[in-house]
Every structure is written in structure tokens, then in C-alpha cells.
Amino acid sequence: MYLSREEERMLSGEEGLAVQKAMQLLTALGEVFGAERMVKIESAQIAGVSYGNIGDAGMEFLEDWADLGGKVRVKSTLNPAGMDLDKWKEMGIDDEYYQRQMRILKAFEKMGVEITCTCTPYLVGNRPRSGAHVAWSESSAVVFANSVLGARTNREGGPSALAAAITGRTPCYGLHLEDNRVPTAIVKVEARLESIFDFSLLGYTVGRILGSGIPYFKGVLVRDFDKLKIMSAALAASGGIAMFYVGDRRRTADKLEKVCVDQRELELSREKLSSEGKPDLACIGCPHCSIQELRDLARALKDKRVKEGCALWVWTSQGVYDQAKDRGYLRAIEGAGGKVFTDTCMVVCPLEKSGYSHMVSNSCKAAHYVPSTSGLKATATETYLVLESVMEGR
Ligand code: F3S
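This one's a predicted model, so the numbers in the text were calculated from it and none came from an experiment. (Residues numbered from 1 in each chain as written. Predicted model: local features only at pLDDT ≥ 70, side-chain atom pairs only at ≥ 80, totals over all residues. Heavy atoms only, no water.)

### Overview of the overall build of the chain
Note the following rule: Starting at the N terminus, helices and strands are each numbered in turn, a helix being any DSSP run of H or I of at least four residues and a strand any DSSP run of E of at least two. The reference for a compact globule is 2.2 Å times residues^0.38; the radius of gyration itself is calculated from the C-alpha atoms. Any two residues whose heavy atoms approach within 4.5 Å at even a single point are treated as in contact. All accessibility values rest on the Shrake-Rupley procedure with a 1.4 Å probe; residue burial counts only the protein chains present in the view.
A count of helical and extended segments in the chain gives 14 helices and 16 strands. Against the globule reference of 21 Å for 394 residues, the chain gives a C-alpha radius of gyration of 21 Å, in line with a compact fold. Relative to all contacts within the chain whose residues are 6 or more apart in sequence, the contacts with residues 24 or more apart total 79%. In the form shown here, the chain has an accessible surface area of approximately 16,500 Å², with 47% of it arising from carbon and sulfur atoms.

### Remarks on the domain arrangement of the chain
Counted only if it meets this: How far each domain reaches was decided by an automatic or database domain assignment. The term buried area means the drop in 1.4 Å probe accessible area that two parts suffer when joined, counted for both and summed. Whenever Lys or Arg places a side-chain nitrogen within 4 Å of a carboxyl oxygen from Asp or Glu, that contact is recorded as a salt bridge. Within 3.5 Å is the distance limit for a polar contact, defined as a pair of N or O atoms, with the added protein rule that one can donate a hydrogen and the other accept it, and that residues adjacent in sequence qualify only through two side-chain atoms. Amino acid classes used here: Ala, Val, Leu, Ile, Met, Phe, Trp, Tyr, Cys and Pro are nonpolar; Asp, Glu, Lys and Arg are charged; the rest, including Gly, are polar.
Splitting the chain by domain gives domain 1 (5-178), domain 2 (182-271) and domain 3 (273-393). Taking the mean C-alpha position of each, domain 1 and domain 2 sit 28 Å from one another. In this assembly, 14 residues from domain 1 lie in contact with 15 residues from domain 2. When residues of domain 1 are sorted by the area they lose upon contact with domain 2, Val143, Phe144 and Arg155 head the list and together hold 37% of the total. If you look at where domain 1 meets domain 2, you find zero salt bridges. The interface formed by domain 1 and domain 2 includes two residue pairs in polar contact (both at pLDDT 80 or more). Residues of the side of domain 1 that touches domain 2, tallied by class, amount to six nonpolar, five polar and three charged.

### Describing the pairing of strand β2 (residues 43-46)
Defined as follows: To sort residues, take the accessible area from a 1.4 Å probe on protein chains only and compare it with the maximum for the residue type: under 20% means buried, over 50% means exposed, and anything in between is partly exposed. A pair of strands counts as paired when DSSP detects no fewer than two bridges linking them. When the strands point away from the viewer, a crossover counts as right-handed if the route from the first strand across the helix to the second turns clockwise.
Of the two faces of β2, the one carrying Ser43 and Gln45 and the one carrying Ala44 and Ile46 are both buried. Bridge count between β2 and strand β3 (residues 75-78): four bridges; the pairing is parallel. The residue of β3 that forms the bridge with Ala44 is Ser76. Crossover handedness for the path β2 to helix α3 (residues 51-67) to β3: right-handed. With two bridges joining them, β2 and strand β4 (residues 135-136) adopt parallel strand pairing. Bridge pairing links Gln45 to Trp136 in β4.

### Some remarks on the packing of aromatic side chains
Defined as follows: Two rings belonging to Phe, Tyr or Trp (six-membered ring only in the last case) form a pair when the distance between their centres is within 6.5 Å. Interplanar angles under 30 degrees mark stacking, angles over 60 mark edge-to-face geometry, and anything in between is tilted. Geometrically, a charge over a ring is one whose NZ (Lys) or CZ (Arg) sits within 6 Å of the ring centre while staying within 35 degrees of the ring normal.
The final tally for this structure, using the stated rule, is 11 aromatic pairs. Ring centres 4.0 Å apart and planes at 15° place the aromatic pair Tyr122 and Phe144 in the stacked group. Of this pair, Tyr122 sits in the loop between α4 (95-110) and β4 while Phe144 sits in helix α5 (residues 139-149), placing them 22 residues apart in sequence. The same class applies to Tyr122 as to Phe144, namely buried. With a centroid separation of 4.9 Å and an interplanar angle of 80°, the aromatic rings of Trp313 and Phe341 are classed as edge-to-face. With Trp313 in strand β12 (residues 311-316) and Phe341 in strand β13 (residues 339-342), this pair connects stretches of sequence that are 28 residues apart. Clustering of aromatic rings is evident, with ring pairs tying together Trp313, Trp315, Phe341 and Tyr356. Its end group placed over the ring of Trp65, Lys21 keeps NZ or CZ at 5.0 Å from the ring centre.

### Some details on the site of the ligand
So the rule is basically this: Neighbouring residues are identified by heavy atoms, a residue being near a molecule or strand if any of them is within 4 Å of it.
For the ligand, the full set of nearby residues is Pro80, Cys119, Glu138, Ser140, Gly285, Cys286, Pro287, Cys345, Val347 and Lys365. When residues in the shell around the ligand are grouped by element, the largest group, three residues, is from strand β10 (residues 281-289). Its residues assigned to classes, the shell around the ligand shows six nonpolar, two polar and two charged. There are two domains that each give the shell around the ligand at least three residues, and those are domain 1 (5-178) and domain 3 (273-393).

### Structural notes on the packing of α3 against α4
Helix-helix packing is characterised by the crossing angle of the two axes and by the distance between the axes. Definition in use: Orientation is described by lines fitted to C-alpha atoms, with helices fitted over the stretch in contact, and by angles between N-to-C directions that extend from 0 to 180 degrees. Two helices crossing with the near one rotated counterclockwise from the far one by less than a right angle form a left-handed crossing, whereas a clockwise rotation gives a right-handed crossing.
Viewed as axis vectors pointing N to C, α3 and α4 meet at an angle of 35°, and their least axial separation amounts to 9 Å. In terms of crossing hand, the pair formed by α3 and α4 is left-handed. Each of Tyr51, Gly52, Ile54, Asp56, Met59, Leu62, Glu63, Ala66 and Asp67 in α3 lies in contact with α4, whose residues at this interface are Tyr97, Arg100, Gln101, Arg103, Ile104, Ala107, Phe108 and Lys110. Across the contact of α3 with α4, the residue classes break down as nine nonpolar, two polar and six charged.

### Topic: the sheet that holds strand β15 (residues 377-380)
Paired through backbone hydrogen bonds, the strands of a sheet run either parallel or antiparallel to each other. With parallel pairing, five strands are arranged side by side in an open sheet as β13-β12-β10-β14-β15. Two strands in the sheet have a free side with no partner beyond their single neighbour: β13 and β15. Adjacent strand axes in the sheet meet at a mean angle of 25°, parallel and antiparallel pairs treated alike. Sheet analysis places β10 next to strand β14 (residues 358-361), joined by three bridges and oriented parallel. When the sheet's bridge partners are listed, Ala282 is paired in β14 with Val360.

### Thoughts on helix α8 (residues 225-238)
Rules: One less than the residue count of a helix, multiplied by 1.5 Å, gives the span that helix is expected to have.
With 14 residues, α8 ought to run about 20 Å at 1.5 Å a step, and its terminal C-alpha atoms sit 21 Å apart, in line with that. Of all the 14 residues making up α8, 12 are buried; the element is thus mostly covered by neighbouring parts of the structure. Listing the buried residues of α8 in full gives Asp226, Lys227, Leu228, Lys229, Ile230, Met231, Ser232, Ala233, Ala234, Leu235, Ala236 and Ala237. The backbone nitrogen of Asp226 lies 2.8 Å from a side-chain oxygen of the residue at the head of α8, namely Asp224.

Below, the structure is given as C-alpha cells:
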């Protein structure tokens, strides 16, 4: 693998042990994937933040790197942590978990990473230009960055995204190369797509059928960022997809795999993501809610309140939360009995500590992961049905 003089210096330790460790990791990764060189990146988005996910070993690994003097040299933001940094007690988090989560965040902070704690970095200032190379690791954000923003990133792991942030580089392979960014399958959609949930279900279904590759949703015209956001998350949850195309004038090779998604296929996915019994915890915000979604939710909750024994938990970033507060959306949601949490989500927090047993969400990604991450039952359905499950008229 070719390294520039500066990269050689990093690898030899001339820029310190933390940079050397980062460059060693990246060159090893580059060798595995056959990269011929490094590429400079514009930003990093780093996963592996929740104490529940990385545990003591991950925490100490990050602290060691920070103690070695690791410092990021590009804009670097963080994925959700394992708790709301203010309202952690309301989530049932205990003191020990809190302390350890804070140690993780302090290590990142020491390295210069912005403590954004969100899977929607593009809504809070980490929004790369079209064509920019980045190193992002949250799977839904990776799909969104490649497909909607036109940036270029592989699906990084937490350590490789951090190493990229510390060196300002990532190995140039996979989706950094133009030749690898072409559709590998054409998806014909023969089902009506209207709601946000329809797009989540579509993404989940195509991920389930294809497993990997770059689907081209021929003829699907969608410009609504929230629909593209939730579809990105679902595509990466049921499959290993990191990029897609929508629209109607893309040239493709003649012999591409063709997939037809009709109502029956969507229903199969819906059945797969349904559990018996009544849900008692409604979750909205996977990926983290945009300001428009919080506005729509505030309107939908007018004259409603959360039923006894149930809860409505909404997940967003601190940046969007602040905007929603200014615009009165938080007051409307909390007035109906809902809670709006930041910095974390239903999948990376210890949801089992909530005391609820059956989560319902409009996000297929959330329903896909929650049973395995926290043991709750999970169901995915339309937003209005999610709300109907736990709300009643006032
Ligand atoms: Fe984001 Fe958590 Fe969903 S990280 S995409 S809200 S699983």
C-alpha cells in the first residue's frame, strides 16, 4: 500500500504513539481490503459509544488512546451513548452505569470529538459536501451519506472511524472508489408508498431480499429527507447495504439482478416485525427525529394523553431538541405525557431498565434490534397506530 511521506511519518511514530496506533490500524485494514493508498477525509462519525455495548474493555481502550495523546484532526462527531446525559435517572439508569458512560464521553472529549451523541450527524452540523470522502460508522448515517448527501464512506467500525479522525485519512477502497458506486440490482416497487413507515418497510424488505449490494429503486421519486432517513436505517438493519439510488434516469448495466417488491413482500416484513400482545412503550425516533418529525408529532398529539401503564418515548439529538424547545413542540409532546430523550436511543440504551415489556415503533430498524438488545417484544407499524397503542383522547 502506497503511503505519502506524511503518512509514513505517522506510521513510524514521529507524530506520537496515538497517531502511530491509528495509522497501524488503518494500514492493516487497507491491506485486508486491498487498498492501494489512503484518502484524506473531511469528517468522521464515530460509533461504539454506549457503555452497554462496549463495556469496560471498550472504555479502557478509549481512555488509553486518549492518554497516549490522541487528537482528532477533522470534524468528528459521536453516535448515541447509552443514556440521556441529563434525564438518565428517568430511564432507570443506575449510578454505576452513568459514571462509566461519562468516562467514555470524557475520553472522546479529550481527543477533541464533539459530544453530539446522535445517529443523524447531518442534522447537527456534520454534513459533508457531495463527493467528499468521510469515515462514518453508524450504519444508517453511512447509507444516508452515500445515497442522499453524495459523500463517500465505507461502513466503518468505531475504532477505524476514530483512527481515521486521528490521522485525517482512511484506506481508499470500497465505496471511496467511483467504480464501486454503481447499482448492483434494480428494484421495481409495485406497492403504494406514502407514509414514513412505508419507506421503512420498503428499506427493510429490500435489505432482507438482497442482503448486500447497491439497490437502484427505479422510478421511486422521493425527496422527503425523513423518508430517505428511515429507509436508510432499515436497509442497513436487515442487510449489509451501505448505499442506494432512487430516481428515474440512472444508466445501469444490462444484466443487473432485478427484484420486484409488491404489497405481499412488504406484508412479509411487517409480519416478521410483529409481536403478540399489546404494546406498552411507543418509541419514535429511529433514526433520531428531525425538527419536522417533532413538529408533526406535536400536532398529532393534540387532545391526546398517554394511557395509564403505557409510555411514549421520543428520541432525538440535543441540537434538534433545543430547536423543538424554542418552537413549543416539546411542550406539546410532554403535555400529552410523552418524554423526549436526547443522546441515546431505544436500541443502545438498556431499555430493559424501563420496566416496559413490548415496544412499538414506526421504525423497522428499532423493531429489528430491540428484542435482541434488551429482551423486550417489538412491533413495527404505521406512526398513527404506534400512537393509538399508547394514547387516548383527553
Ligand atoms: Fe439511530 Fe439508534 Fe436507530 S442509533 S438509527 S436511533 S438504532
